[in-house]
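Breakdown of the fold
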Amino acid sequence: MDDKINADQELRYCKLPFCVRWMLIALTGRGEENSLLRSSDIERVISFYGFPNRPQSEEKIPVKPTRLVMQGFSALSPLMDLACIRQVLLANNFEPAVSQPGVPMDVILDSVFADEPPREAGSPVTESFCYERLHFLKWADKAFAGIRTIPPCPGTLNHASLLWCLARWVVRGCDGSLNPDFVFGIDSHLAVLNGLGILALSVSLLETETVLLDMPIQFKLPEVVGVRVLGRPPPLSTHVENVLFVSKFLRQNEALLKNRFVEFLGPALEHLTITDRMTIANTSTEYNALATYFPIDKITLDYIHRTSPSLKRSENLEQYLRISKLIADDPTPDLVFNEVIEVNFDDMVVNICGPYPMVYRTVVEKFPQEIRENLSKRHGRRAMYAADITTTVTYETEGQKFTLGHACLLTACIPASANASQPMAMLACGLLARNAFRHGFRVSPYIHACMSLRGGLNAFYLREANLMNALSAIGFSLVGLDDNLLERQVFSPPCLTAEIAKAQLITCGVMSGTHTTQCCDVILSATTANFTCSPPLVIAYALAGNLAIDFNITPIGKSSETGEAIYLKDIWPSKEEISWLQKQVIYPAISREFAKEIRSDKDWADIPTVTGASYPWDPSFTYMQRPPFCNLVPKPQQLSQLCIEGGHVLMYLGDDVAMHHLSPAGSMSRTSPASRYLSSLGIEARCFNTYGSRVGNHHVMTRGMFEHKYLNNRLVRGVGPRTLFLPSGVETGVYDAAVAYRSRNIPQIIIAGFNYGIGASRDWAAKGLVALGIRAVIARSYDEVHRSNLACCGVLPLQFLKDESGEKLGITGHESFNLLLGKEIQPNQVLKMQLNTGLVFQVELRLDSFQEIDFFSHSGMVNFAAYRDLTKAMV
């Protein structure tokens, strides 16, 4: 227990949800100098969560994680700004290495080559579109303390698997103190760590940059909803269905869970494995929860002990967690939640979906009766009408004669979707195949049964568990690394197809996965009706050969060894066997594979290593250029210098202007300013790539601002990236107008309506305004994340007072604007805006904290951090 929590607070601390305890200890256990929370802050947090039914005002606390985890090239912008700060130190004759990341950061590069055209075999990595960015990241990996780069891996482990391997639970601070691992990142997959009991939050890219520059962010304390899990899953359920059942329940309660922490408890948690929990935690964005958290319990501890490098290390970790009261030994703890809801596995049923559309569900036990009823229906979306339900077709192959009736199976496929690639599902498939093979069962040769191994994960799980051969032995084809291969191989023998058509036989196909409808057009060419179910049930139906089978009363067949009738329940793998195999084989195998893959990437090894504390920016690079957001003399400015005099409106926008309206994204129009710029460098149009790939080049990104074909600017007619250059009255492109304003030293502003900056956060929606020369935005309301981003970048967020707007005030956008800040400003201060027409109106200053005022007075947080580091170097 942390020393800053006194005896009285400790009693209330033990009533707090575990996710709140984790966050509180992570913020207070960093030693006296590095602690983010004062005693009064700790009391505010404990009181906020200890009395959830008491009316409370919004509470914000300073928050900084113990670690950042970034995917792909999302780490570029923060690290490039940090590299610029080092150049400022060097230019002022100070040691550049004074500037270091504020927290450690892991950079996962597993999929960086996925979006670029394939290189010719044997071509060097220097010809890759990714080379310039990887060159910079390899320098950063060596130059900055605490940066760990996970190179592009050959492909067996996907991004989620790598996150499992990077789980730490407890990290050691610079002063030697231990702290729970509190993780920030921008990747939605980061949420899988919450399933391991590690609190991980997805934040905006500029918020990650704030903490990388060693500054906290202001975090609004969320309420916590408890989810009590009860009951027991039905016998034929798989872990995939357990996950889907819980996730569906959470989605149905989206209104309750939105912007809250969700924490699981209850006796039935024992039925959810580690991978189940991580998968459920990863669905938090589907119901807009901030985090879906599973406290550490005996299942988590077992996982920790099995994957830890040493027993002593895992025992020390457990001891620390117990002392900090971060382990949920009691499945029904007496904790204080804002609300508690219950999900009961007794309400769960195993479904099969189809035929069209796939949203129609039927309980597996009732499915045989449903099939028979559908065969008698002439009309309706589920009709599978058969004029004579006794019709059969005889087919002879490989010396065997088969009699096919209605609802016979012709295709059984397991694509490599996220649903099917869950480890427990793959192990269940392999064990079911092994058990069936032991009794001599095989899929009939006229049934096309196949499994896709795309991405390598399916093959990895089956190979490590020694179950790959079992699937081949019962007749399942392992068709390679691509779902397209699976689709192309769905076929029926021509002679059988002709007989089926002649007899008007109703034939079926069955597949697993969540996006099976994408493959339905292919399957429909061979079958009449198609259904989806869990991967092990696909194998069970393939062995039975007919979807009308009732597994409870009809055997799969007779054992070749004993001659006894074998039912599905006799060969269905137990959950205990699947769980044991995952613990004993899969967890250690993933850890070994991770250690092997991060050392085996040849492309990463072939990138030249650049040494030195300062990065040598190469002017010939077109993906990477030194950012313009850090001045060589980053001193704070007087507020009189930051006032707006004679400002002109660059864009006059309406309501609900989203991030993607503002920030460049996707491919470039061939007539856009960005395309013209790249063409001027001699780059062919086929090599332009996307805005996202060139996020490290501000010349490209600035030219892509407001490049949205449906953007409505009230200064001009029509839609698109056009505006009016007011001094001349000429309509022109947004970028060209901004350049003209900057050349005349005319401040630019944006006027907008409600919900300015909504949608998925993009840092360039704020950074791009700075690069264009925009000084302020006046809106009726803001998306909170974007408002904060504007403050971080030094753009002044102003807000019309209640019931006021540009239209109501009669503002046309052709006026010039004057804003005087005075000698000092306070958060949320009311200011006066004066127009050249004589109109004066009030606006609220939406700098909500003194930290944001500091950022603004330094023209952005990067300059603020540079000035701070310069001051530190002078001491």
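Placed above this text is the structure.
Attention here is on the structure that accompanies the text. (Residues numbered from 1 in each chain as written. Predicted model: local features only at pLDDT ≥ 70, side-chain atom pairs only at ≥ 80, totals over all residues. Heavy atoms only, no water.)

1. A closer look at the overall build of the protein chain
From N to C terminus, the protein chain includes 32 helices and 33 strands. For the protein chain, the share of sequence-separated contacts (at least 6 apart) that also reach a separation of at least 24 residues comes to 74%. A total of about 35,600 Å² of accessible surface is found on the protein chain, and carbon and sulfur atoms cover 50% of it. (Helix = DSSP H or I, 4+ residues; strand = E, 2+ residues; numbered from the N terminus. Contact = heavy atoms within 4.5 Å. Areas by Shrake-Rupley, 256 points an atom, 1.4 Å probe, with all protein chains shown as cover.)

2. Details of helix α6 (residues 131–143)
With 13 residues, α6 extends 18 Å from end C-alpha to end C-alpha; this agrees with the ideal 18 Å at 1.5 Å per step. The buried fraction of α6 amounts to 12 of the 13 residues, a majority that puts the element mostly inside the structure. For α6, every residue scored as buried is listed here: Y131, E132, R133, L134, H135, F136, L137, K138, W139, A140, D141 and A143. (Expected span 1.5 Å × (residues − 1). Buried < 20%, exposed > 50% of the residue type's maximum accessible area, 1.4 Å probe, protein only.)

3. Structural notes on the nonpolar core
A general trend in soluble globular proteins is that nonpolar side chains are found buried together. The biggest cluster of nonpolar side chains holds 188 residues, and the ones touching the most others in it are F136, F706 and Y756. Setting aside chain neighbours within four positions, we find Y756 in contact with L653, V657, L662, I750, L769, V777, A779, S781, Y782, D783, H786 and L790. Within the second largest apolar cluster, 75 residues are counted, among which are L404, L471, C533 and I578. (Core = buried A, V, L, I, M, F, W, Y, C linked by side-chain atoms within 4.5 Å.)

4. Things to note about helix α13 (residues 311–323)
For α13, with 13 residues, the first-to-last C-alpha span of 18 Å sits near the 18 Å given by 1.5 Å per residue. Buried within α13 are the following residues: S314, L317, E318, Y320 and L321. Buried positions in α13, seen along its axis, are confined to an arc of 160° and lie on one side of it. Relative to its buried face, α13 has exposed residues pointing more than 90 degrees away, namely L311 and K312. Contacts from the buried residues of α13 go to α2 (18–28), β5 (170–172), β6 (178–180) and α12 (298–307). K325 lies just past α13 and shows a positive phi near 55°. (Arc of directions from axis to C-beta.)

5. Overview of the sheet that holds strand β33 (residues 840–845)
Around the barrel, which closes on itself, the 7 strands sit in the order β25-β28-β29-β30-β33-β32-β31 with mixed pairing between neighbours. Averaged over all adjacent pairs, the angle separating strand axes in this sheet is 40°, with direction ignored. Sheet topology note: the strand β25 (residues 644–652)/strand β28 (residues 748–751) ladder contains 4 bridges and is parallel. Residue pairing across strands places Y652 opposite I751, the latter belonging to β28. (Pairing = 2+ DSSP bridges. Axes fitted to C-alpha atoms, helices over the stretch in contact; angles between N-to-C directions.)

6. Brief notes about the packing of helix α29 (residues 764–772) against helix α30 (residues 784–793)
How two helices pack is summed up by the angle between their axes together with the distance between the axes. For the pair α29 and α30, interaxial distance at closest approach is 8 Å and the crossing angle is 35°. As for how α29 packs across α30, the hand of that crossing is right-handed. Of the residues in α30, those in contact with A765, A766, K767, L769 and V770 of α29 are H786, N789, L790 and C793. A breakdown of the residues in the contact of α29 with α30 according to their chemical character gives 6 nonpolar, 2 polar and 1 charged. (Left-handed = near helix turned anticlockwise from the far one by under 90°. Nonpolar A, V, L, I, M, F, W, Y, C, P; charged D, E, K, R; others polar.)

7. Here's the deal with the sheet that holds strand β12 (residues 291–293)
The pairing of strands in a sheet comes from backbone hydrogen bonds and takes either a parallel or an antiparallel form. A sheet is described by the order of its strands in space; here 4 strands give the open sequence β12-β11-β10-β13, paired in parallel fashion. Looking along the sheet, the strands with just one partner apiece sit at the ends: β12 and β13 (339–344). For this sheet, the mean angle separating the axes of adjacent strands, direction not counted, is 25°. Here 6 bridges tie strand β10 (residues 224–230) to β13, and the two strands are oriented parallel to one another. From the neighbouring strand, L230 faces β13, where its bridge partner is N344.

8. Some thoughts on the packing of aromatic side chains
Counted by the stated rule, this structure contains 23 aromatic pairs. Ring geometry for F367 versus F531: centroids 5.2 Å apart, planes at 80°, classification edge-to-face. Residue F367 is found in helix α14 (residues 367–375), and its partner F531 is found in strand β22 (residues 529–532); the two are separated by 164 residues along the sequence. Overall, F531 belongs to the buried group, its relative accessible area being 1%. One aromatic cluster is present, built from ring pairs that chain together F136, W139, F144, Y615 and W617. Here the guanidinium or amino end of R21 rests over the ring plane of Y13, the centre of that ring lying 5.6 Å away. Here the basic side chain of R694 rests over the ring of Y623, its NZ or CZ set 3.9 Å away from the ring centre. (Phe/Tyr/Trp six-rings, centres within 6.5 Å; stacked < 30°, edge-to-face > 60°. Lys NZ or Arg CZ within 6 Å of the ring centre and 35° of its normal.)

9. Structural notes on the pattern of salt bridges
Where charged atoms from two side chains of opposite charge come close, those side chains can pair. One pass over the structure, following the stated rule, counts 34 salt bridges. Residue E339 is joined to R260 by a salt bridge in which the shortest nitrogen-to-oxygen separation is 3.3 Å. A residue pair is termed long-range when its members are at least 10 positions apart, and E339 in strand β13 and R260 in the loop between α10 (254–257) and β11 (261–265) qualify at 79 residues. Looking at E339, the relative accessible area reads 35%, which means it is partly exposed. (Salt bridge = Lys/Arg side-chain N within 4 Å of Asp/Glu carboxyl O.)

10. Some points on the pairing of β11
Counting buried positions along β11 gives 5 out of 5 residues, so the element sits mostly inside the fold. Burial along β11 is two-sided: F261, E263 and L265 facing one way and V262 and F264 facing the other are all buried. The sheet contact formed by β10 and β11 spans 5 bridges and is parallel. Bridge assignment links V227 to a residue of β11, and that residue is F264. Where β11 and β12 come together, 3 bridges link them in parallel fashion.

11. Concerning unusual backbone geometry
Its identity is not glycine, yet N689 carries a phi of approximately 65°, on the positive side. Tracing the chain through its elements places N689 in the loop between α26 (673–680) and α27 (698–703). Judged by relative accessible area, which is 19%, N689 ranks as buried. Of note in this structure, F706 is not a glycine but carries a positive phi near 65°. What makes F706 buried here is its relative accessible area of 0%.

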